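Each chain is listed here by its residues.
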Amino acid sequence: MRGKNKIFYHNFLPYLLLLPTGIYMGVFIGYPILETIRLAFTHPYTGEISLYNFQRLSRDFHFWNALKYTFLLAGIVIPIQVTLALGVSLLLLRRFKGSNMVLYIFLIPLTISDVAAALIWYNILTGNGYLNRILINLGLLKSPLHFFGYQYRSMEILAIVITEVWRATAIVFVIIFAGLQMIGKEYLEAADVFGASTYQKFRYIILPMIKPSLQTALIIRTLFAMQIFGVVWILAGRDIPILAGETYYWQIELKNPNVAAAYSLIIACISIFLGFLYIKLLKPEYLER
Amino acid sequence: MVSVRLENLVKRFGKVTAVDHISLAIKNGEFVVLLGPSGCGKTTTLRLISGLELPDEGRIYFDDSDVTYLPPKERNISMVFQSYAVWPHMTVYDNIAFPMRIKKVPEDEIKRKVKWAAELLRIGELLDRYPHQLSGGQKQRVAVARAIVVEPAVLLMDEPLSNLDALLRMLMRSEIKKLQRRLKVTTIYVTHDQVEAMVMADRVAVMNKGRIMQIGTTEEIYNKPANLFVAGFIGSPRMNFFEASVSDTILDTGYFKMKLPEEMKQVLEGYETVIVGIRPEDIHPVERGIPPGVKPIELEGRVDFIEPLGSDTIIHLKIGEILLLVKVPGSYIVEMGRKLKVALDFNKLHIFDKKTEKAIL
Amino acid sequence: MKMYKGEALKMILTYALASIIVAWILVPLGLIFISAFAVPKEYYNIHKLIPLAFTTENVYTLLFVLKAWKSTLNSLIVAGLTIAISFALGLPTGYSLARFMFKGKDTFKLLIIGLRMFPVIVLAIPFTVIYLKIGLADTLIGVALAHTAMSLPFVVLITSSLFSGIPVDYEEAGMVFGLSRFEAFFRITLPLALPGLAAAAIFVFIMSWNEVFIASVLVLVNRTLPADILVSALNAPDPLKFAAGFIMVLPAMIFVFFARKYLIQVWGITIR
Ligand SMILES: Nc1ncnc2c1ncn2[C@@H]1O[C@H](COP(=O)(O)OP(=O)(O)OP(=O)(O)O)[C@@H](O)[C@H]1O
Ligand SMILES: [Mg+2]
């Protein structure tokens with residue numbers, strides 16, 4: 001009996017333990033993905049299989065705008081986030097009194113939702129916000145700066161960028177800082193001993209060595225950027241159309257799950273494509289076997 | 001090419017005092033070896049000299065300039081790290097070239113020097129490889145090559161040969177030594193291998209628990225150990241030690257007595273208990289005949305154990321509870337258990353104060 | 001303190017930059033707290049640099065007049081359910097990955113890691129259709145099940161890493177002294193992993209508490225707090241928006257304050 005038990009443990013127990021997760025993934029992830037594809041390729045009115053949804057999108061300037069703004073925001077926000085995260089990581093690599101406190105504080109936004117972050121910056125940037133209060137009370141401005149509203153769309157983008165940088169730099173930072181800490185300190189010491197300047201150390205030792213973390217950070221950030229929603233929706237509504245926002249709009253406002261599914265599918269495809277692109281482009285050759 | 005002077009250096013890590021008031025003057029072009037057991041503060045001393053670590057007390061001078069608080073990159077030094085620190089994202093070639101690139105050496109000269117260093121260290125075929133494709137010993141040689149190509153003012157090496165096989169180690173020892181002679185670069189070399197230390201060094205600094213116990217030439221360290229630690233640490237097999245009480249010129253161990261020459265009376269004046277030390281090669285079996293020049297002190301003991309080592313044999317001789325190791329040529333045969341008369345060479349006798357552990361004689 | 005030559009200036013610069021970073025994060029947070037409790041009259045008076053009269057009225061109105069307490073409660077329920085479901089599923093899986101060698105393990109792991117990257121908002125649309133069929137439409141459990149798609153890979157990776165860090169010897173020692181494998185797990189490994197698991201739970205809580213897209217697509221009546229705010233914020237007067245921001249920020253920050261050391265460890269695991 002015990003012998004049988006043992007065989008049972010070794011052959012079946014690991015799979016048995018995976019089973020719940022496996023079933024969940026099949027039912028709640030695998031099947032919905034298939035369902036997304038089915039919905040996206042189903043005509044919303046006739047129920048036939050068709051490319052109707054995609055044709056409809058391609059004629060919709062909101063779609064092209066959404067695509068444009070999603071990429072535009074990612075293109076502005078991500079470089080700023082990576083630079084900032086890298087800078088803060090390097091700063092915190094120099095251990096100083098209170099550096100741990102700074103670390104924790106910089107991580108706070110990780111816990112703050114996009115909706116809340118949007119409200120936090122709305123509080124600062126709106127007409128009665130603190131930025132305008134300061135500028136007006138200092139006599140630098142007569143009437144408030146406007147960040148919100150359709151006619152101030154470029155300012156809306158600025159507000160979104162500030163909010164995204166404030167909110168989501170922390171995740172990039174966590175990844176890069178972890179990578180930096182994994183660099184053995186003797187590698188940097190060796191550079192010191194041989195007379196490398198701070199810049200040379202950064203350019204020739206640190207940067208190449210954190211390439212894998214940089215890659216991870218870029219992938220994660222880019223994928224999240226393709227799903228950007230809450231911040232834009234709160235701060236700009238549909239003034240600045242974005243892919244996830246359009247998905248929401250078609251689903252909730254227009255009650256058309258087919259077009260919404262087409263949007264979802266496009267987000268997924270772009271994400272997967274970008275993920276592969278980064279992995280291909282950024283693979284550090286010294287790790288290759 | 002500078003002289004290096006350490007003055008009362010102290011470095012503490014929390015409760016541990018890794019370096020404890022070290023003073024050391026190293027001449028321009030000198031090859032000094034720091035020798036000592038694991039954890040005695042060799043690496044820390046080296047890191048203080050390199051500027052990677054700042055001392056809690058004391059000063060460091062290169063020639064006459066105070067470099068105590070100068071960052072490493074301004075000290076014109078080069079270093080072989082105990083952990084190699086060969087950069088994983090650079091090929092062997094780039095690793096060796098990097099220090100020269102920082103110094104803006106022209107590429108063709110870099111090429112020449114990398115080739116030269118790689119050949120010297122027998123890593124010529126590895127230049128295109130990445131460190132993860134190298135063995136520990138190969139990485140170590142890359143680290144050495146990287147350190148010697150820059151012609152620094154001070155060359156610091158932290159156990160640079162620890163991971164090589166015996167043959168390669170001997171080869172590299174002489175290559176490094178020859179190179180150092182030729183370049184006349186002031187070198188501080190860390191090892192815990194006493195043979196390596198004694199072969200390579202102009203002077204050896206024996207360290208223990210963060211202090212320098214003695215500094216001197218190989219000959220001085222071996223023949224005139226300044227204290228019990230150095231006497232015991234240098235030499236293999238280890239020096240024999242036994243405790244004896246002093247009365248006049250008689251040393252009494254409780255198992256046997258030794259009568260020293262009359263002139264020792266003054267030297268031993270005031271000591272009650274001493275520790276006597278004699279190296280195994282300075283004890284001679286009487287029956288083999290006593291070599292000329294030996295001032296014999298004869299003793300009799302029982303052969304307790306024999307370790308034949310081929311060219312030599314180590315005899316464990318018991319006199320009461322005292323164990324003496326005697327080194328004799330391998331050709332000399334004795335049986336276990338028999339009685340054996342030996343002569344200690346008074347000229348080679350070391351006597352240490354039991355309290356201070358310092359050498360009296 | 002001992003310093004290199006020229007280091008003093010660098011240190012000053014370091015502290016200056018550190019202060020800027022701290023201010024960059026804390027000032028906006030402080031300002032939303034102020035605005036959430038500012039007397040509206042003071043807030044609307046732009047010639048006051050900072051409102052100085054405070055009231056709990058904004059928060060009160062939001063919670064009890066606009067019934068945001070209900071959506072707050074919904075959010076808590078969803079987060080609680082998400083924690084329960086993703087741990088019920090993920091804990092055994094993490095344990096299995098940590099303790100056993102078996103065929104297909106690497107593939108499974110890769111699947112989990114891939115899922116971690118998968119844009120979960122893609123799932124929201126089909127969920128609405130599927131939930132209609134199986135009667136989960138507009139239910140909190142439905143939202144929690146969807147949030148699980150987001151949190152499950154993290155729970156699996158975190159727990160597997162936690163269990164790997166606890167030597168199997170401990171368990172085996174327990175089994176030698178007569179515990180069954182399950183008892184050994186519950187009485188030895190689980191208690192040892194508890195602090196890490198708690199941090200992981202907080203992590204899941206924050207994920208679910210903050211998630212807005214799935215929640216607002218799946219639930220139209222019983223909205224969670226972020227979904228509620230997303231829909232109603234646009235029409236609410238500003239002071240209520242700030243009160244809402246305050247309520248959303250508060251619990252996550254409290255949790256993080258108490259578990260900050262562990263959370264960094266957990267974040268470290270999830271991004272590996
Ligand atoms: N960064 C550090 N933090 C705390 N203690 C340290 C540190 N570096 C060294 N020590 C301690 O200082 C003492 C001296 O260490 P050191 O590395 O100098 O020894 P070593 O002589 O080089 O030994 P080995 O031959 O093993 O390399 C040891 O007790 C060590 O534990
Ligand atoms: Mg060492």
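Residues numbered from 1 in each chain as written. Chains lettered and ligands numbered in written order. Predicted model: local features only at pLDDT ≥ 70, side-chain atom pairs only at ≥ 80, totals over all residues. Heavy atoms only, no water.

With that settled, the discussion passes to the domain arrangement of chain B. Along its sequence, chain B is organised into domain 1 (4-224) and domain 2 (240-353). The straight-line distance from the C-alpha centre of domain 1 of chain B to that of domain 2 of chain B is 40 Å. (Domains from an automatic or database assignment.)

Glancing now at the pattern of salt bridges. According to the stated counting rule, one finds 34 salt bridges over all chains in the structure shown. Salt-bridge contacts for Glu-189 of chain A lead to Arg-47 of chain B; the nearest nitrogen and oxygen are separated by 2.6 Å. Of this pair, Glu-189 of chain A sits in helix 8 (residues 185-193) while Arg-47 of chain B sits in helix 1 (residues 42-50), placing the two residues on different chains. On the basis of relative accessible area, Glu-189 of chain A is assigned to the buried category, the value being 10%. With its nearest N and O atoms 3.6 Å apart, the salt bridge here joins Lys-354 of chain B to Glu-243 of chain B. With Lys-354 of chain B in the segment after strand 20 (350-353) and Glu-243 of chain B in strand 11 (residues 240-247), this pair connects stretches of sequence that are 111 residues apart. Owing to a relative accessible area of 40%, Lys-354 of chain B belongs among the partly exposed residues under this scheme. Residue classification places Glu-243 of chain B among the partly exposed positions, given a relative accessible area of 43%. (Salt bridge = Lys/Arg side-chain N within 4 Å of Asp/Glu carboxyl O. Helix = DSSP H or I, 4+ residues; strand = E, 2+ residues; numbered from the N terminus. Buried < 20%, exposed > 50% of the residue type's maximum accessible area, 1.4 Å probe, protein only.)

For the rest of this paragraph, the subject is the sheet that holds strand 11 of chain B. All names here are of chain B. The strand order across the open sheet formed by five strands is 13-12-11-14-20, and the pairing between neighbours is antiparallel. On the outer flanks of this sheet lie strand 13 (257-259) and strand 20, each paired with one strand and no other. Ignoring strand direction, the axes of neighbouring strands in this sheet form an average angle of 35°. In the sheet, strand 11 pairs with strand 12 (residues 250-252) via three bridges, with the strands oriented antiparallel. Following the sheet pairing, Ser-245 is matched in strand 12 by Asp-252. (Pairing = 2+ DSSP bridges. Axes fitted to C-alpha atoms, helices over the stretch in contact; angles between N-to-C directions.)

Here we take up the site of ligand 1. Residue and element names in this part refer to chain B. Within the structure, ligand 1 sits among 13 residues, and Ser-38, Gly-39, Lys-42, Thr-43 and Thr-44 are positioned closest to it. Within the side chain of Ser-38, an N or O atom sits 2.5 Å from an oxygen atom of ligand 1. The side chain of Gln-82 places a nitrogen or oxygen atom 2.8 Å from an oxygen atom of ligand 1. Starting from 630 Å² of accessible surface for ligand 1 in isolation, the protein chains cover 62%. For the shell around ligand 1, the elements supplying multiple residues, two or more each, are strand 2 (16-26) and helix 1. The element contributing the most residues to the shell around ligand 1 is helix 1, with three residues. Split into classes, the residues belonging to the shell around ligand 1 amount to four nonpolar, seven polar and two charged. (Near = heavy atom within 4 Å. Polar contact = N/O pair within 3.5 Å; in protein donor to acceptor, adjacent residues only side chain to side chain. Areas by Shrake-Rupley, 256 points an atom, 1.4 Å probe, with all protein chains shown as cover. Nonpolar A, V, L, I, M, F, W, Y, C, P; charged D, E, K, R; others polar.)

A few words on the coordination of the magnesium ion (ligand 2). Residue and element names in this part refer to chain B. Bound to the magnesium ion (ligand 2) on the protein side are Thr-43 (OG1) and Gln-82 (OE1), at distances that span 1.8 to 2.2 Å. Here Thr-43 is found in helix 1, whereas its partner Gln-82 is found in the loop between strand 6 (77-80) and helix 2 (92-102), with 39 residues between them in sequence. Here Thr-43 falls in the partly exposed class, since its relative accessible area comes to 24%. (Donors = N, O, S within 2.8 Å, 3.2 Å for Na, K, Ca; no water.)

Taken together, the 83 residues of chain A in the interface contact 92 residues of chain C. Between chain A and chain C lies a buried interface of about 7900 Å² when both sides are counted; carbon and sulfur atoms form 77% of it. Summed over the three residues of chain A that lose the most area to chain C, namely Thr-111, Tyr-130 and Arg-133 of chain A, the buried surface amounts to 9% of that side. Ionic pairing is found between Arg-94 of chain A and Glu-7 of chain C, a salt bridge with its closest N-O pair at 3.8 Å. When residues of the side of chain A that touches chain C are assigned to their parent elements, the largest contribution, 18 residues, is made by helix 1 (residues 2-40) of chain A. A class-by-class count of the residues in the side of chain A that touches chain C yields 59 nonpolar, 18 polar and six charged. (Contact = heavy atoms within 4.5 Å. Buried area = accessible area lost by both parts, 1.4 Å probe.)

This brings us to the side chain of Asn-256 of chain A. Summarising the element assignment, Asn-256 of chain A is placed in the loop between helix 12 (243-253) and helix 13 (257-282). A distance of 3.1 Å separates a polar side-chain atom of Asn-256 of chain A from the backbone nitrogen of Asn-258 of chain A.

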